[in-house]
Amino acid sequence: MDWPIDEVARMSGVTARTLRHYDETGLLPPARIGTGGRRYYEERQLLRLQQILVLRALGVGVPEIGRILSEQVDEVDALRGHRQRLLAERDRLEALAGTVSRTIAELEQSRKDGNPMTINRPENLFEGVQASQYEENMRDFPELAEEVGRRADAMGQADADAAHRERTAQMIRLAELMAAGLPADAAPVQAEIDAQYRALAELRVVSAEEFRAIGSSVVGNETWRAAYEAIVPGLAAYQRDAIEAYATTRLN
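Residues numbered from 1 in each chain as written. Predicted model: local features only at pLDDT ≥ 70, side-chain atom pairs only at ≥ 80, totals over all residues. Heavy atoms only, no water.

**Quick look at the overall build of the protein chain**
Part 1 of the argument: What the protein chain contains, in helices and strands, is 12 helices and 3 strands.
Part 2 of the argument: A buried classification covers 40% of the 252 residues belonging to the protein chain.
Part 3 of the argument: Taking the contacts inside the protein chain whose residues are at least 6 apart along the sequence as the reference set, 66% of them involve residues at least 24 apart.
Part 4 of the argument: Accessible area of the protein chain: about 13600 Å², with a carbon and sulfur share of 51%. (Helix = DSSP H or I, 4+ residues; strand = E, 2+ residues; numbered from the N terminus. Buried < 20%, exposed > 50% of the residue type's maximum accessible area, 1.4 Å probe, protein only. Contact = heavy atoms within 4.5 Å. Areas by Shrake-Rupley, 256 points an atom, 1.4 Å probe, with all protein chains shown as cover.)

**Topic: the packing of aromatic side chains**
Part 1 of the argument: All told, the structure shown has 3 aromatic pairs when counted by the stated rule.
Part 2 of the argument: Here Tyr197 and Tyr246 contribute two aromatic rings whose centre-to-centre distance is 5.6 Å and whose plane-to-plane angle is 40 degrees, an arrangement assigned as tilted. Placement of Tyr197 in helix α9 (residues 187-201) and of Tyr246 in helix α12 (residues 235-251) is noted, with a sequence separation of 49 residues between them.
Part 3 of the argument: Classification of Tyr197 by relative accessible area gives buried; the value is 13%.
Part 4 of the argument: Among the aromatic residues, those joined into a cluster by ring pairs are Tyr197, Phe211 and Tyr246.
Part 5 of the argument: Sitting over the face of the ring of Tyr40, Arg32 holds its NZ or CZ atom 4.0 Å from the ring centroid. (Phe/Tyr/Trp six-rings, centres within 6.5 Å; stacked < 30°, edge-to-face > 60°. Lys NZ or Arg CZ within 6 Å of the ring centre and 35° of its normal.)

**A word on the sheet that holds strand β3 (residues 39-41)**
Part 1 of the argument: Strands sit in the order β1-β3-β2 across an open sheet of 3 strands; the sheet is antiparallel. With one partner strand each, in any of the chains shown, β1 (3-4) and β2 (32-33) form the two edges of the open sheet.
Part 2 of the argument: Summarising the sheet, β1 and β3 pair through 2 bridges and their orientation is antiparallel. Each residue of the ladder has a partner; that of Pro4, found in β3, is Tyr40. (Pairing = 2+ DSSP bridges.)

**Remarks on helix α2 (residues 16-24)**
Part 1 of the argument: By the burial criterion, the buried members of α2 are Thr18, Leu19, Tyr22 and Asp23. An end-on view of α2 places all buried positions within 145 degrees of arc, on one side of the element.
Part 2 of the argument: Looking one or two residues beyond α2, the residue adopting positive phi is Gly26, at roughly 85 degrees. (Arc of directions from axis to C-beta.)

**Focus: the pattern of salt bridges**
Part 1 of the argument: Under the criterion given, the structure shown has 9 salt bridges.
Part 2 of the argument: Between Arg173 and Glu192 there is a salt bridge, with its nearest N and O atoms 2.8 Å apart. Of this pair, Arg173 sits in helix α8 (residues 157-179) while Glu192 sits in helix α9, placing them 19 residues apart in sequence.
Part 3 of the argument: Residue classification places Glu192 among the buried positions, given a relative accessible area of 14%.
Part 4 of the argument: Linked through salt bridges whose partners overlap, the residues forming this network are Asp194, Arg198 and Arg250. (Salt bridge = Lys/Arg side-chain N within 4 Å of Asp/Glu carboxyl O.)

**Some words on helix α10 (residues 208-220)**
Part 1 of the argument: Its 13 residues place the ends of α10 18 Å apart at the C-alpha level, agreeing with the 18 Å of an ideal helix rising 1.5 Å per residue.
Part 2 of the argument: By the burial criterion, the buried members of α10 are Ala208, Glu210, Phe211, Ile214, Gly215, Ser217 and Val218. (Expected span 1.5 Å × (residues − 1).)

**Focus on the environment of Met11**
Part 1 of the argument: By the secondary structure assignment, Met11 is in helix α1 (residues 5-12).
Part 2 of the argument: Along the backbone, Met11 and Leu46 are 35 residues apart, and their C-alpha atoms lie at a distance of 9.9 Å.
Part 3 of the argument: For Met11, the residues in contact, after removing those within four places along its chain, are Trp3 and Leu46.

**Some details on the nonpolar core**
Part 1 of the argument: Ranked by internal contacts, the top residues of the largest apolar core, which has 26 residues, are Val189, Phe211, Ile231, Leu235 and Tyr238.
Part 2 of the argument: Contributions of two or more residues to this core are made by α8, α9, α10, α11 (222-231) and α12. (Core = buried A, V, L, I, M, F, W, Y, C linked by side-chain atoms within 4.5 Å.)

This is the structure we're talking about:
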């Protein structure tokens, strides 16, 4: 039995564009090519896709996934190895939850004290943090997601970790500005949004409408919203409003 690419995309949650990319790079060739170039996958390919997605969820880049899978011989041994990685990821997430809890406590204390909040940023602020899976979070913007995904795949692990730490630091800076009572259109807030926009613009031109849609997804996309709300409640909406103000005043 085999399944066409669109059915595999539906079952797995991976876009057909990504599946084609996996084929073109040799990571996941289909079982056969049908009429009109349509790709079909059998159970063996679905099992390999499962392994790819597990490794991606663990923050492993595509080139490294290819190396790992090429060295595998026995599927059961491979699954045991994935299980060990998942257990390690569980421990990482526990550490991350502790990190977020400390950040929340600092934010809440500053509010109670009525003082402007300043967060010191020691290394443990980012304990447990790894690179986000941008492609999944940006599935509403396939062209931009593809560019971001291609850039992320080309990164080494150290560069990917550094990029994610900087993204997390941006979120913390926005939380500080929000806690200080600055409105979303205040100059310091807009300076942070400008840096975010310029980072996107390095990949390709981003229109005002598209940037607004990305801002809306910070609230509407469960993964993004959870990341912001883990820092401090209300931060997702604050980011959205700041993007709206930036798009209105600078991109229209």
